[in-house]
Amino acid sequence: MRQAPNIVVTGTPGVGKTTHCESLAEKTGLRHISVNQVVKDKQCHEGWSDEYQSWIVDEDKLLDAIEDDVAAGGCIIDWHACDLFPRSWIDLVVVLRVDSATLYDRLKARNYAEAKLQENLDSEIMEVLLQEAREAYDAEVVIELTSNTSDEMESNLDRIEAWVKQWKIDNEQR
């Protein structure tokens, strides 16, 4: 039995996943696992995609690389996908969302190529990652939160921190 929950924070690029995860780790003492960093550091990829300007992730290698950490509990997994993580690993899935104008501005500031920018905007508009989460996990562990402003982010952090505290109470070893 884990002593602390595992949380996936997901959403299209630019919604604030990493910012949320770093702040959550600080507030809760949970470990931030940046999948992008694990993929690079532990060679969990099949090479680089020039078209998408990203690594081609080897999901089996990735899961093997983080399995021990996740089994111990207390992980905040930061990635733009969630459905590859086994249900038994995950206690909460947070899907961050932003409005199109905000997302456009954030991705433009990252100098995304027009095709990549449009693909991510379309993904957000079509709720692709929210649907993915809802299909992969039970409804009670998936929450959708908006992340347009710093006030919304603070509210999200407070809500997730309260959830972590309650999880620990509910799952105390007796």
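Analysis parameters
Residues numbered from 1 in each chain as written. Predicted model: local features only at pLDDT ≥ 70, side-chain atom pairs only at ≥ 80, totals over all residues. Heavy atoms only, no water. Helix = DSSP H or I, 4+ residues; strand = E, 2+ residues; numbered from the N terminus. Rg over C-alpha atoms; globule rule 2.2 N^0.38 Å. Contact = heavy atoms within 4.5 Å. Lys, Arg positive; Asp, Glu negative; His and termini not counted. Charge placed at Lys NZ, Arg CZ, Asp CG, Glu CD. Axes fitted to C-alpha atoms, helices over the stretch in contact; angles between N-to-C directions. Parallel < 35°, antiparallel > 145°, perpendicular 65-115°, else oblique. Left-handed = near helix turned anticlockwise from the far one by under 90°. Nonpolar A, V, L, I, M, F, W, Y, C, P; charged D, E, K, R; others polar. Phe/Tyr/Trp six-rings, centres within 6.5 Å; stacked < 30°, edge-to-face > 60°. Lys NZ or Arg CZ within 6 Å of the ring centre and 35° of its normal. UniProt positions renumbered as here; feature names shortened; annotations may be inferred. Polar contact = N/O pair within 3.5 Å; in protein donor to acceptor, adjacent residues only side chain to side chain. Buried < 20%, exposed > 50% of the residue type's maximum accessible area, 1.4 Å probe, protein only. Pairing = 2+ DSSP bridges.

Observations regarding the overall build of the protein
Step number 1: When its secondary structure is counted, the protein shows seven helices and seven strands.
Step number 2: Its helices and strands in sequence order give the protein the pattern β-α-β-α-β-β-α-β-β-α-α-α-β-α, from N to C terminus.
Step number 3: Its C-alpha radius of gyration of 16 Å places the protein within 12% of the 16 Å reference for a compact globule of 174 residues.
Step number 4: In terms of overall dimensions, the protein has a C-alpha envelope of 55 × 35 × 30 Å along the principal axes.
Step number 5: Across the protein, every contact between residues at least 6 apart in sequence was considered, and the portion connecting residues at least 24 apart equals 73%.
Step number 6: Looking at the protein, you have 18 positive and 35 negative side-chain charges, and the mean spots of the two groups are 4 Å apart.

With respect to the packing of helix H1 (residues 17-28) against helix H7 (residues 150-170)
Step number 1: At a closest axis distance of 10 Å, the pairing of H1 and H7 adopts a crossing angle of 45°. With respect to their mutual orientation, H1 and H7 come out oblique. As for the relative orientation of H1 and H7, their crossing is right-handed in sense. Between H1 and H7, the contacting residues are Thr 19, His 20, Ser 23, Leu 24, Lys 27 and Thr 28 on the first element and Met 153, Glu 154, Asn 156, Leu 157, Asp 158, Ile 160, Glu 161, Val 164 and Lys 168 on the second.
Step number 2: Looking at side-chain class alone, the contact of H1 with H7 contains five nonpolar, five polar and five charged residues.

Remarks on the packing of aromatic side chains
By convention here, two paired aromatic rings are described through the distance between centres and the angle between planes.
Step number 1: A full pass over the atoms with the stated rule returns one aromatic pair.
Step number 2: Geometrically, the ring pair formed by Trp 48 and Trp 55 is edge-to-face, given 5.1 Å between the ring centres and 85° between the ring planes.
Step number 3: Between Lys 116 and the ring centre of Tyr 112, over which it is positioned, the NZ or CZ distance is 4.6 Å.

Some words on the UniProt feature "binding site: ATP" (unreviewed entry) in the protein
Step number 1: According to UniProt, the positions carrying the feature "binding site: ATP" (unreviewed entry) are Gly 14, Gly 16, Lys 17, Thr 18, Thr 19 and Arg 110.
Step number 2: Tracing the chain through its elements places Lys 17 in helix H1.
Step number 3: Excluding residues within four positions of it along the chain, Lys 17 makes contact with Val 9, Thr 10, Gly 11, Thr 12, Asp 78, Trp 79, His 80 and Leu 96.
Step number 4: At 3.0 Å, the side chain of Lys 17 forms a polar contact with the backbone oxygen of Gly 11.
Step number 5: For Arg 110, the location among the structural elements is in the loop between helix H4 (100-109) and helix H5 (114-125).

As for the environment of Ser 34
Step number 1: Relative to the assigned elements, Ser 34 resides in strand S2 (residues 31-34).
Step number 2: The partly exposed category is assigned to Ser 34, whose relative accessible area is 21%.
Step number 3: In the structure, Ser 34 is positioned 26 residues away from Val 8 in sequence and 10 Å away in space, judged by C-alpha atoms.

Re the sheet that holds strand S7 (residues 142-146)
Step number 1: The sheet built from five strands is open, its strands ordered S2-S5-S1-S6-S7 with parallel pairing. Only two strands of the sheet have a single partner each, and these edge strands are S2 and S7. Strand-to-strand twist in this sheet, taken as the mean axis angle between neighbours without regard to direction, amounts to 20°.
Step number 2: In terms of strand pairing, strand S1 (residues 7-10) meets strand S6 (residues 92-97) through four bridges, oriented parallel. Residue Val 8 lies in a different strand from S6, and its bridge partner there is Val 93.

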